[in-house]
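If you want the building blocks of each chain, they are given just below.
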Amino acid sequence: MPKVSVKGQQMPESPIRKLVPYAEIAKKKGHKVYHLNIGQPDIKTPEVALQAVKNADITVLEYSHSAGFESYRTKLSQYYKNHGLPIDTQDIIITTGGSEALLFAMGSTMDTDDEIIIPEPFYANYNGFSTASGVKVVPVISGIETGFALPPIEAFEKLITSKTKAILICNPGNPTGYLYSKEEILKLAEIVKKHDLFLIADEVYREFIYDGDKHFSVMNVPGLEENAIMIDSVSKRYSMCGARIGCIVSKNKEVMATAMKFAQARLSPPTYAQIASEAALETPQSYFDDVISEYKDRRDTLITELNKIEGVTVATPKGAFYCIAKLPIDNADKFAQWLLESYDLNGETVMVAPAAGFYSTPNVGLDEVRIAYVLKKDDLIKSVQILKEAITVYNKK
């Protein structure tokens with residue numbers, strides 16, 4: 001019998017999606033499931049984006065340019081400049097989601113068995129993208145006790161070898177919600193210049209910043225033009241996860257020329273989704289003001305409620321819409337499955353993402369979960385109450 005590839009066998013399951021069959025079973029039992037497991041915003045997509053698709057006068061659904069519509073890239077460049085980022089049209093290639101942008105970045109900068117250093121916990125699919133690219137993830141652990149702040153630069157330096165090609169960060173972070181300070185970004189910039197590495201920054205949650213803090217982009221670091229690669233996406237900014245439109249951005253002309261070859265190989269990003277994404281750039285600031293206010297309220301509600309549960313440790317996120325919570329349980333994978341398979345409180349249960357899948361270091365984060373606060377405040381309160389009761393019952397089993 002033919003066998004699948006070793007690479008395929010090594011591809012990790014998504015810690016976010018692997019419990020879906022159990023959630024489906026719970027729903028078939030008639031249970032309501034509160035989805036705290038996935039970053040799918042419930043915020044309405046801007047009407048201007050939806051109307052652009054409805055009103056598109058298209059008789060032939062053609063390929064676009066492999067780099068994406070020039071009109072979209074030009075407007076996107078202006079959007080970035082309006083936000084203080086010195087990004088020109090030629091610095092942008094439109095991709096099929098931020099996922100493809102990350103694959104292009106790895107494919108353009110790394111060879112098989114090269115190494116990429118990533119502070120963990122990190123977005124679980126970084127493991128998958130690295131496996132697909134034949135790249136080895138070298139983790140540097142950040143801890144809940146520091147709120148998942150950047151590990152000491154010395155910790156990075158100890159891990160750099162002749163195989164190291166890049167450092168990858170998510171800012172603000174998924175799954176931690178941590179926002180790297182300007183000082184932390186400058187420290188990373190210094191180390192990548194010293195060792196001639198790339199600094200890849202996944203900045204898809206740039207707009208989701210709370211408490212008056214400011215986002216500092218790798219594209220704003222003077223002298224980092226040849227090292228910096230930015231990943232972006234419309235998914236969260238405009239609540240357009242299904243559009244699957246992102247981009248890879250860099251001032252490094254060789255990187256962008258190489259990424260363009262990958263873009264040509266997949267022909268072009270989707271046309272209708274680009275139409276929606278280009279139109280979304282006309283979204284008024286009031287939309288973002290309302291969204292940020294709503295998410296801050298949700299964050300504050302979630303953290304307040306979680307802190308009421310004895311034995312729970314949670315770091316207050318500064319951005320994005322996730323947090324990592326350390327629970328008084330033996331194993332988050334077993335607990336998350338049990339919540340869906342065997343537990344309900346008055347016909348309701350919750351779905352969380354076990355955090356071990358956001359680490360590449362074995363046996364780390366076994367008692368942690370990622371929670372996405374993408375539900376309304378009343379639902380978040382109810383979800384945490386279910387979680388509290390469930391922990392008590394689970395620990396008595």
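Identification of the protein as Aminotransferase from Flavobacterium cheniae is taken from an unreviewed UniProt entry. UniProt lists a comment for the protein under the heading Cofactor (unreviewed entry), and it reads "pyridoxal 5'-phosphate". On record in UniProt, under Sequence similarities (unreviewed entry), the comment for the protein is "Belongs to the class-I pyridoxal-phosphate-dependent aminotransferase family."

**Focus on the overall build of the protein**
The secondary structure content of the protein amounts to 13 helices and 13 strands. Its C-alpha atoms give the protein a radius of gyration of 21 Å, within 12% of the compact-globule value 21 Å for 397 residues. Along the longest, intermediate and shortest principal axes, the C-alpha atoms of the protein span 60 × 60 × 55 Å. Within the protein, the proportion of its 397 residues that are buried is 57%. Here the analysis covers contacts within the protein between residues at least 6 apart in sequence; of these, 76% occur between residues at least 24 apart. Summed over all atoms, the accessible surface of the protein reaches about 17,400 Å², with 51% contributed by carbon and sulfur. Computed over 44 positive and 50 negative side-chain charges, the separation of the two mean positions in the protein equals 3 Å.

**Notes on helix α11 (residues 285-306)**
In this model α11 runs 32 Å from its N-terminal to its C-terminal C-alpha over 22 residues, within 8% of the 32 Å that 1.5 Å per residue would give. Along α11, the positions that sit buried rather than exposed are Y287, F288, V291, I292, Y295, R298, R299, T301, L302, I303, E305 and L306. Buried-residue contacts for α11 involve β9 (313-314), β10 (322-326), β13 (368-372) and α13 (377-394).

**Observations concerning the pattern of salt bridges**
Side-chain pairs of opposite charge can arise whenever the charged atoms involved come near each other. Taken as a whole and judged by the stated rule, the model has 22 salt bridges. The partner of D232 in a salt bridge is R206, and the shortest N-O contact between them spans 3.2 Å. Taken together, the residues D232 in strand β7 (residues 228-233) and R206 in the loop between β6 (198-202) and β7 connect sequence positions 26 residues apart. Assigned by exposure class, D232 and R206 land together as buried.

**So, the UniProt feature "domain: Aminotransferase class I/classII large" (unreviewed entry) in the protein**
Feature annotation in UniProt places "domain: Aminotransferase class I/classII large" (unreviewed entry) on residues 33-343, given in this structure's numbering. Between the C-alpha atoms that bound residues 33-343 there is a distance of 11 Å. The span itself is 38% helix and 15% strand.

**Examining the state of the cysteines**
The tally for this structure, following the rule as stated, stands at zero disulfides. Here C170 is not cross-linked by a disulfide; its sulfur's nearest cysteine counterpart is in C241, at 14 Å. Note on C170: relative accessible area 9%, which makes it buried. C170 provides the cysteine sulfur closest to C247, a residue in no disulfide bond, and the two sulfurs are 14 Å apart.

**Side note on helix α4 (residues 70-82)**
Spanning 13 residues, α4 covers 18 Å between terminal C-alpha atoms, matching the ideal 18 Å at 1.5 Å per step. Every buried residue belonging to α4 is among Y72, R73, L76, S77, Y79 and Y80, and all of these are buried. The arc that holds every buried residue of α4, seen down its axis, measures 160°, which confines them to one face. Those residues of α4 that are exposed and angled more than 90 degrees off the buried face are E70 and N82. Remark: G84 follows α4 within two positions and exhibits a positive phi of approximately 80°.

About the thresholds
- Residues numbered from 1 in each chain as written.
- Predicted model: local features only at pLDDT ≥ 70, side-chain atom pairs only at ≥ 80, totals over all residues.
- Heavy atoms only, no water.
- UniProt positions renumbered as here; feature names shortened; annotations may be inferred.
- Helix = DSSP H or I, 4+ residues; strand = E, 2+ residues; numbered from the N terminus.
- Rg over C-alpha atoms; globule rule 2.2 N^0.38 Å.
- Buried < 20%, exposed > 50% of the residue type's maximum accessible area, 1.4 Å probe, protein only.
- Contact = heavy atoms within 4.5 Å.
- Areas by Shrake-Rupley, 256 points an atom, 1.4 Å probe, with all protein chains shown as cover.
- Lys, Arg positive; Asp, Glu negative; His and termini not counted.
- Charge placed at Lys NZ, Arg CZ, Asp CG, Glu CD.
- Expected span 1.5 Å × (residues − 1).
- Salt bridge = Lys/Arg side-chain N within 4 Å of Asp/Glu carboxyl O.
- Disulfide = S-S within 2.5 Å.
- Arc of directions from axis to C-beta.

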